Amino acid sequence: MRVLVIEDEKRVAGFMRRSLSEAGYAVDCAYDGEEGLHFAQTTIYDVIILDLMLPKRDGLSLLKSLREGGGAAPVLAVTAKGTVRDRVTGLNSGCDDYLVKPFSIAELIARVRALLRRGSPQTATLHIGDLVLDTTAHRVTRAGRPIELTPKEFALLEYLMRNAGQVLTKTMIEQHVWNYDFDSGTNLVEVHLSHLRAKIDQGLHPPLIETVRGVGYLLKEVPAASPCESHRRISASG
Ligand code: CA
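Residues numbered from 1 in each chain as written. Predicted model: local features only at pLDDT ≥ 70, side-chain atom pairs only at ≥ 80, totals over all residues. Heavy atoms only, no water.

Glancing now at the overall build of the protein chain. A tally of helices and strands in the protein chain yields 9 helices and 12 strands. In the protein chain, which comprises 238 residues, the share counted as buried stands at 45%. Taking as baseline every contact in the protein chain between residues at least 6 positions apart, the subset at least 24 positions apart corresponds to 58%. Accessible surface, the protein chain: about 11,900 Å² in total, of which carbon and sulfur atoms supply 54%. (Helix = DSSP H or I, 4+ residues; strand = E, 2+ residues; numbered from the N terminus. Buried < 20%, exposed > 50% of the residue type's maximum accessible area, 1.4 Å probe, protein only. Contact = heavy atoms within 4.5 Å. Areas by Shrake-Rupley, 256 points an atom, 1.4 Å probe, with all protein chains shown as cover.)

See below:
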């Protein structure tokens, strides 16, 4: 999931970037309203965090231009203004939620998750066969056994699971799971996918991650296993 932070206070932006990256999101930062609008109009983001008081172009005017141009990404407005009137203005201008500074990082991440769930028919827990990914608890299990993933592997798996049954190209994966600091000349996608595949599929049937030669990758769409089926499989494999 890719997040854009538009915030002119470098310290606050850096803090949000670090915390969101640790939570597994790919984060880009823009430091004024014009740069922010440019990023938002040229890249597909899953959530945009928008400070309302910005140099060059203020947050509400940025939001208006973004919405007029068809930009539909959920927007979490962040501001020091906390009066009821300001909140109403913000919500009427097309932002989806509102966070008043100072805020805790736990609250920021909870709001981002809530917006991701609202943006598309997304649920907190994803199931593919006997593979289960819990986005809230940040936990993955297969056939009932916990699997330890790095934040990047987790983000990669979440993206694959949300798009199960579709072939995802390396570029699509890069755009959703990495940020602009990512050098697309590298083979990081392949490396992370092979690590992920080793953790998810090794010794288990059916293998879920498929390579579509010359095109990309696919997470097979298999119906969610019922709890007793998973249990039987564990018993059968000893
Ligand atoms: Ca500001």
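Back to the write-up after that little detour.
Looking now at the packing of helix α6 (residues 151–162) against helix α7 (residues 170–177). For the pair α6 and α7, the least separation of the axes is 10 Å and the interaxial angle reads 120°. Classified by the angle their axes make, α6 and α7 are oblique. Taken as a pair, α6 and α7 cross one another with a handedness that is right-handed. Residue-level contacts link K152, A155, L156 and Y159 of α6 to M172, I173, H176 and V177 of α7. Residues of the contact of α6 with α7, tallied by class, amount to 6 nonpolar, 1 polar and 1 charged. (Axes fitted to C-alpha atoms, helices over the stretch in contact; angles between N-to-C directions. Parallel < 35°, antiparallel > 145°, perpendicular 65-115°, else oblique. Left-handed = near helix turned anticlockwise from the far one by under 90°. Nonpolar A, V, L, I, M, F, W, Y, C, P; charged D, E, K, R; others polar.)

Following the sequence through the fold, G59 ends up in helix α3 (residues 59–68). Once you skip the residues sitting within four places of it in the chain, G59 turns out to touch L50, D51, L52 and L54.

Turning our eyes to something else, we now look at the pairing of strand β11 (residues 209–212). One ladder, built from 4 bridges, connects β11 with strand β12 (residues 216–219); its direction is antiparallel. Bridging across to β12, T211 finds its partner in Y217. The loop that links β11 with its antiparallel partner β12 comprises 3 residues; one of these, G214, has a positive phi angle of about 75°. (Pairing = 2+ DSSP bridges.)

Here the focus is the packing of α7 against helix α8 (residues 188–201). As a packed pair, α7 and α8 sit with axes 10 Å apart at the nearest point and diverge in direction by 85°. The orientation of α7 with respect to α8, classified from their angle, is roughly perpendicular. Contacts between α7 and α8 involve K170, I173 and E174 from the first element and V189, E190 and L193 from the second. Residues belonging to the contact of α7 with α8 are distributed by class as follows: 3 nonpolar, no polar and 3 charged.

Another point: helix α1 (residues 10–22). Here α1 is 13 residues long and its end C-alpha atoms lie 18 Å apart, about the 18 Å a rise of 1.5 Å per residue gives. Restricting attention to buried positions, one finds in α1 the residues V12, A13, M16, S19 and L20. Around the axis of α1, the buried residues are gathered within 135° of arc, so they sit on the same side. Counted as exposed and oriented over 90 degrees from the buried face of α1: K10, R11, R18 and E22. Backbone geometry just downstream of α1 places G24 in the positive-phi region, at approximately 100°. (Expected span 1.5 Å × (residues − 1). Arc of directions from axis to C-beta.)

Turn by turn, an α-helix covers 3.6 residues, leaving residues three or four places apart pointing in a common direction. By the burial criterion, the buried members of helix α2 (residues 33–42) are G33, G36, L37, F39 and A40. Looking straight down α2, one finds its buried side chains confined to an arc of 160°; they lie on one side. Check the buried side of α2 and you find it contacts β1 (2–6), β2 (26–30), β3 (47–51) and α3.

A word on empty space enclosed by the protein. Enumeration over the complete set of coordinates arrives at 1 cavity of 30 Å³ or more. Estimates place the volume of the largest cavity at around 130 Å³. Lining of the largest cavity is provided by 14 residues; of these, Y25, R113, L116, T135 and E158 occupy positions nearest its centre. Looking at the lining of the largest cavity, the elements that each hand over two or more residues are α5 (105–119) and α6. Here the lining of the largest cavity takes 4 residues from α6, the largest share from any one element. Classifying every residue of the lining of the largest cavity by side-chain character gives 6 nonpolar, 4 polar and 4 charged. (1 Å grid on protein atoms, 1.4 Å probe; cavity = no way out; pocket = protein on both sides within 12 Å on 5 of 7 lines; lining within 4 Å. Points joined across faces, edges and corners; volume = space filled by probe spheres on them.)

Our next topic: unusual backbone geometry. Residue K101 is joined to P102 through a cis peptide bond whose omega torsion reads -5°. If you check the backbone angles, K56 has positive phi at about 70° while not being a glycine. Residue placement: K56 occurs in the loop between β3 and α3. Residue K56 is classed as exposed on the basis of its relative accessible area, which comes to 62%. At H138, a residue that is not glycine, the phi angle is positive and equals roughly 55°. The topology assignment puts H138 in the loop between β7 (131–134) and β8 (139–142).

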